[in-house]
Amino acid sequence: MAEPAEGFERFFERELAPFIEEGEAERRRVLRAALTRGLPVLALGAAGLVFGFLGGATGDMGSLVQFGSFAALAAGGVLLTTPLARWSRDFSAALSARIFDHFGYRYSADVPPGFLDAFGACRLLPSHDRRSLEDHVEGEVRGVPFALAEATLERRVRRDKRDDYDLVFRGLLARYHFPKRFAGRTILRGDQGMFNALGHAGVPGERVRLEDVRFEKLFEVFSSDQVEARYLLTPAFMERFVALADKVKAPIEAAFDGDKLLLAINGRRGYFSQPSPWRDIRRSDHIRAFVEDIALIGEIAETLKLDTVTKV
């Protein structure tokens, strides 16, 4: 974290608690209005289905009743969920901005165009057909500039004669400034065992063999400059990177490209937790999880010793 926990507690009591209290009052107002509009339409659709299936409506009349009932159910669902979704999106963005600002970071719900380009060029992302990006954060930690975003990537599959999507990545994509600029590009990919040849097909650079047994079990290294890669991946740095992998408790891949360290953390979950619009948002569990995820930003820089005076 950027400061002791008690500092955040004071901030929470002084600024966040009143903001959340106001948000809860607004959430209830929006929920009441949505229920007033949506429930009668849902009830109408449910009654139509009961009449259609149990009331003996047949032929064209039965088809018409069923169609109207399903249409009413769909419309009722939209009337109920859309206002809450809109409120949740706006409240979550405002809450996130306040919390990140407290820690000295800049937040935007939208991710700048081209953010994924560097990660794609280094083959840190699995092949995918659909993507969603959110929660762009940037700033400095331990004097090191960084930027990150959440990404959800899905691959199209054919299932039961229809297109479906499988999740292949959900987690953080982070870019940290590195204290030295590199002429080549060095990529750390997760070891895929017997599927290495297939899984690493197309990764730029040549395979780099290293002597750290535990590191070699976890990662496959590719580089356009073998000498530079070995200069980068000293025993001390490999030890720190393994420690980071243990800390994040999720598959992690990395690339050294120019003066940037790129990290892809596939936690298979959403980060920077937001409250549910269906529950009292004054519950503080989502705030604690949010702050723990923010702490990871600093822990990465600290674990890898990315400050400006560190070499490799």
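Not measured: the values here are computed from a predicted model.

Quick notes on the rules
- Residues numbered from 1 in each chain as written.
- Predicted model: local features only at pLDDT ≥ 70, side-chain atom pairs only at ≥ 80, totals over all residues.
- Heavy atoms only, no water.
- Helix = DSSP H or I, 4+ residues; strand = E, 2+ residues; numbered from the N terminus.
- Buried < 20%, exposed > 50% of the residue type's maximum accessible area, 1.4 Å probe, protein only.
- Contact = heavy atoms within 4.5 Å.
- Areas by Shrake-Rupley, 256 points an atom, 1.4 Å probe, with all protein chains shown as cover.
- Polar contact = N/O pair within 3.5 Å; in protein donor to acceptor, adjacent residues only side chain to side chain.
- Pairing = 2+ DSSP bridges.
- Axes fitted to C-alpha atoms, helices over the stretch in contact; angles between N-to-C directions.
- 1 Å grid on protein atoms, 1.4 Å probe; cavity = no way out; pocket = protein on both sides within 12 Å on 5 of 7 lines; lining within 4 Å.
- Points joined across faces, edges and corners; volume = space filled by probe spheres on them.
- Nonpolar A, V, L, I, M, F, W, Y, C, P; charged D, E, K, R; others polar.
- Phe/Tyr/Trp six-rings, centres within 6.5 Å; stacked < 30°, edge-to-face > 60°.
- Core = buried A, V, L, I, M, F, W, Y, C linked by side-chain atoms within 4.5 Å.
- pLDDT = per-residue confidence, 0-100.

Undergrad: Looking at this structure, how should I read the overall build of the protein chain?
TA: In terms of helices and strands, the protein chain carries eight helices and nine strands. Counting the 312 residues in the protein chain, one finds 43% classified as buried. Partitioning the contacts of the protein chain with sequence separation of at least 6, the portion at a separation of at least 24 is 68%. In the structure as shown, the protein chain presents an accessible area of about 16400 Å², 54% of it carried by carbon and sulfur atoms.

Undergrad: Help me out: how do you make sense of the side chain of E220 in this one?
TA: One can find E220 in strand 7 (residues 219-223). For E220, the side chain forms a polar contact with the side chain of R207, separated by 2.4 Å.

Undergrad: Even after reading the chapter, I still don't get the sheet that holds strand 3 (residues 144-159), so can you show me in this structure?
TA: By definition, the strands of a sheet pair up through backbone hydrogen bonds, in either a parallel or an antiparallel sense. The sheet built from nine strands is open, its strands ordered 1-2-3-4-9-8-5-7-6 with antiparallel pairing. Single-partner strands in this sheet number two, and they are strand 1 (106-108) and strand 6 (206-208). Going from strand to strand, the sheet's axes swing by 20° on average, the running direction of each strand aside. Relative to strand 2 (residues 130-141), strand 1 is paired through three bridges, and the arrangement is antiparallel. Within strand 2, the residue paired with Y107 across the bridge is V137. Contacts from helix 7 (residues 235-248) reach strand 5 (185-190), strand 7, strand 8 (252-257) and strand 9 (260-265) within the one sheet, and its direction differs from that of strand 8 by about 140°.

Undergrad: What's the story with the layout of surface pockets in this structure? I'm lost.
TA: By volume, the second largest pocket is sized at about 270 Å³. In terms of lining, the second largest pocket is formed by 15 residues, of which the most central are E134, D135, E150, F272 and Q274. If you list the elements that add at least two residues to the lining of the second largest pocket, you get helix 2 (59-102) and strand 2. A total of four residues in the lining of the second largest pocket trace back to one element, the largest contributor, which is helix 2. Looking at the lining of the second largest pocket residue by residue, the classes come out as five nonpolar, five polar and five charged.

Undergrad: Just to check I follow, could you spell out the packing of aromatic side chains for this structure?
TA: Aromatic ring pairs are reported here in terms of the distance separating the ring centres and the angle at which the planes meet. A complete count under the given rule lists 19 aromatic pairs for this structure. Ring geometry for F100 and F272: centres 5.1 Å apart, planes at 75°, overall edge-to-face. In this pair, F100 sits in helix 2 while F272 sits in the loop between strand 9 and helix 8 (285-304), placing the two residues 172 residues apart along the sequence. By the burial criterion, F100 is buried, and F272 matches it. Here the aromatic rings of Y105 and F146 are separated by 5.1 Å at their centres, their planes lie at 85°, and the arrangement is edge-to-face. In this pair, Y105 is assigned in the loop between helix 2 and strand 1 and F146 in strand 3, connecting sequence segments 41 residues apart.

Undergrad: When you look at the nonpolar core in this model, what are you seeing that I'm missing?
TA: Soluble globular proteins tend to pack their nonpolar side chains together in the buried interior. Counting 63 residues, the largest nonpolar core has Y176 and F241 as the members making the most contacts within it. If one sorts the elements of this core by residue count, helix 8 sits on top with nine residues. With residues up to four places along the chain from it excluded, the contact list for Y176 reads V141, V144, P145, F146, D259, K260, L261, L263, I297, I300, A301 and L306.

Undergrad: Before we go on, may I ask you to explain the confidence of the model for the protein chain in this structure?
TA: Any segment with low pLDDT has predicted coordinates that should not be analysed in fine detail. Here the protein chain averages 85 in pLDDT, and 88% of its residues register 70 or above. Taken element by element, the predicted model of the protein chain shows its lowest mean pLDDT in helix 4 (residues 196-199) (43) and its highest in strand 1 (96).

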